[in-house]
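Structure at a glance
Take a look at the letters that make up each chain.
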Amino acid sequence: MYPQFLHRFGLQRFAPALAALLVSACSLGAYAQEASVSAGAEHARPHRERHGLIVIAHRGASGYRPEHTLEAYRLAIRQGADFIEPDLVATRDGVLIARHENEISGTTDVAERPEFAERRTTKVVDGVPVTGWFTEDFTLAEIRTLRARERIPEVRPRNARYDGRYQVPTFAEVVRLAKRESRPGRIIGVYPETKHPTYFAHEGRRLDGEPIGISLGAKLVETLVAEGFTDPKRVYIQSFEVENLLQLKTRIMPAAGVELPLVQLYSDFEAATPYDMAYNAAQGTEPTAVYGDLAALVEGGIGADTRYGALATQPVLEWMQAHYASGIGPWKNDLVLREPLDPPVDVDGDGRALLASRNTGHVHPMLGHALAAGLKVHPYTLRAEEPFLTQAPNGVPQSVVGEAVQWYALGVDGFFIDQPDLGVAAREIFLDLADPL
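Computed from a predicted structure; not experimentally measured.

Some thoughts on the environment of tyrosine 73
Here tyrosine 73 lies in helix H4 (residues 70-78). Spatially, the C-alpha atom of tyrosine 73 lies 7.2 Å from that of arginine 59, the residues being 14 residues apart in sequence. Residues contacting tyrosine 73, with those up to four places away along its chain left out, are Arg59, Gly60, Ala61, His68, Ile84, Glu85, Pro86, Ala98, Pro169, Val174 and Leu177.

Shown next, in the form of structure tokens:
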């Protein structure tokens with residue numbers, strides 16, 4: 001019936017994409033049973049011209065396994081991801097590990113370990129008081145005794161069944177996994193993010209009051225060099241801060257003899273400030289001493305109140321491209337604008353109305369400016385669960401596959417996604433639909 005239907009309507013060339021979508025839909029419905037989630041990549045045509053379009057596994061296949069575990073990264077690779085993304089923080093002995101934050105009570109079982117109870121404390125991280133347990137107060141050996149757990153079990157209760165199974169990996173282990181899983185015609189890359197680099201380098205202190213004093217950028221490059229993983233086609237380095245990317249470009253990478261693409265991440269345009277800019281302003285540092293003539297291009301100058309939106313203009317993007325950035329990673333809701341949906345809608349039929357926004361149809365001019373400047377654009381984060389979805393402007397509920405196809409159509413060449421198999425399916429669909437033959 002399926003082949004006859006395709007033949008009748010002249011849709012034979014869409015068969016691989018439709019098969020990938022069906023497999024992916026089944027994997028989502030069954031919530032990633034081993035047999036189905038690994039099959040999605042098999043329907044992607046391995047030698048097809050993909051025009052540089054990539055799928056970035058956000059913290060691994062974090063829609064199916066606890067994030068930032070080797071199992072999440074390994075599953076993402078099986079599902080067809082091109083890059084796996086580790087967020088990087090440092091241990092007390094200076095080893096980079098993959099965690100969403102340096103506060104680890106939400107992603108490990110540390111709160112249940114009586115031997116570490118006295119290490120619970122409150123610190124100010126990027127200007128915000130945070131209470132819990134922090135990686136900089138643990139040696140790697142101690143981190144090894146902990147086990148990972150699902151960070152958002154209320155959204156992904158099935159992931160919680162894996163709680164306690166997996167260790168916290170080092171960055172070196174993530175790189176080695178990418179090397180082992182690569183083969184001719186299928187090269188896996190890594191897309192690391194330095195988390196809170198100003199805190200780790202300048203502001204943060206360990207539990208005993210000793211300054212941390214660790215450059216995450218220097219440690220990152222040191223690890224890549226030690227692992228022999230310095231092919232610029234296989235690495236993107238990203239950060240929400242500006243200063244550490246400038247340091248990587250002008251000092252750290254040249255000293256190591258490597259040249260890797262850097263990606264400037266953007267948080268909320270209206271509400272968030274790059275923390276390095278707020279920190280340097282508080283220290284009384286002259287902006288030109290850190291950012292050079294970028295300060296003259298930012299409306300209102302660079303200071304404690306500089307918002308990411310002030311860095312989304314054409315002159316600033318062109319300056320970034322000329323001086324350090326190969327790409328940008330904006331929050332998707334800042335590029336394709338949404339508005340609240342009242343009342344919310346129940347689109348998955350579970351009795352809970354959790355789809356609460358509508359795509360307005362308005363695209364921020366930053367997208368066009370960035371593409372015109374020659375920057376890669378990799379928005380974050382696509383997720384398949386209902387709370388993260390939206391309606392199209394015409395009121396039709398939008399699946400994550402539909403959203404991903406839309407992003408490719410808008411001109412981005414990649415995106416961060418928690419369900420890599422669905423991103424791969426969307427790429428196949430987009431390439432089939434875009435094929436004029």
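Topic: helix H16 (residues 420-434)
Between the first and last C-alpha of H16 there are 21 Å, a value that for 15 residues agrees with the 21 Å anticipated at 1.5 Å per step. Among the 15 residues of H16, 13 are classified as buried, and the element is accordingly described as predominantly covered.

Describing the environment of alanine 111
Relative to the helices and strands, alanine 111 resides in the loop between strand S4 (96-98) and strand S5 (121-125). Note on alanine 111: relative accessible area 47%, which makes it partly exposed.

Observations regarding the side chain of glutamate 227
As for its position among the elements, glutamate 227 is in the loop between helix H8 (216-226) and strand S9 (237-239). Apart from residues no more than four positions distant in its own chain, glutamate 227 is found in contact with Ala172, Val175, Arg176 and Lys179.

What about the pairing of strand S1 (residues 54-58)?
In terms of burial, S1 is largely enclosed, as 5 of its 5 residues are buried. Covered by surrounding structure in S1 are Ile54, Ile56 and His58 together with Val55 and Ala57, the residues of both alternating faces. Where S1 and strand S17 (residues 414-417) come together, 4 bridges link them in parallel fashion. Across the sheet, alanine 57 pairs through a bridge with isoleucine 417, a residue of S17. As paired strands, S1 and strand S2 (residues 83-85) are joined by 3 bridges and run parallel to one another. Bridging from a neighbouring strand, isoleucine 56 pairs with phenylalanine 83 of S2. On the question of chirality, the crossover connecting S1 to the parallel S2 by way of H4 is right-handed.

Some thoughts on the environment of aspartate 418
Within the secondary structure, aspartate 418 sits in the loop between S17 and H16. Distance in space between the C-alpha atoms of aspartate 418 and tyrosine 380 is 9.7 Å, their sequence separation being 38 residues. Aspartate 418 has contacts with His58, Gly60, Ala61, Ser62, Gly63, Arg156, Thr381, Leu382 and Arg383, leaving out every residue within four places of it along the chain. In terms of polar contacts, aspartate 418 uses its side chain to reach the side chain of serine 62, at 3.2 Å. A distance of 2.6 Å separates polar atoms of two side chains, one belonging to aspartate 418 and the other to arginine 156.

Things to note about empty space enclosed by the protein
Counted according to the given criterion, the structure contains 1 cavity of 30 Å³ or more. By volume, the largest cavity amounts to about 80 Å³. Around the largest cavity sit Lys332, Asn333, Val336, Arg338, Asn359, Thr390, Gln398, Glu403, Gln406 and Trp407, which together line it. Those elements that provide at least two residues to the lining of the largest cavity are helix H13 (332-335), strand S12 (336-345) and helix H15 (400-410). No other element matches the 3 residues that H15 contributes to the lining of the largest cavity. Its residues assigned to classes, the lining of the largest cavity shows 2 nonpolar, 5 polar and 3 charged.

Conventions used here
- Residues numbered from 1 in each chain as written.
- Predicted model: local features only at pLDDT ≥ 70, side-chain atom pairs only at ≥ 80, totals over all residues.
- Heavy atoms only, no water.
- Helix = DSSP H or I, 4+ residues; strand = E, 2+ residues; numbered from the N terminus.
- Contact = heavy atoms within 4.5 Å.
- Expected span 1.5 Å × (residues − 1).
- Buried < 20%, exposed > 50% of the residue type's maximum accessible area, 1.4 Å probe, protein only.
- Pairing = 2+ DSSP bridges.
- Right-handed = clockwise from strand over helix to strand, strands pointing away.
- Polar contact = N/O pair within 3.5 Å; in protein donor to acceptor, adjacent residues only side chain to side chain.
- 1 Å grid on protein atoms, 1.4 Å probe; cavity = no way out; pocket = protein on both sides within 12 Å on 5 of 7 lines; lining within 4 Å.
- Points joined across faces, edges and corners; volume = space filled by probe spheres on them.
- Nonpolar A, V, L, I, M, F, W, Y, C, P; charged D, E, K, R; others polar.

In short, geometric facts, not functional conclusions.
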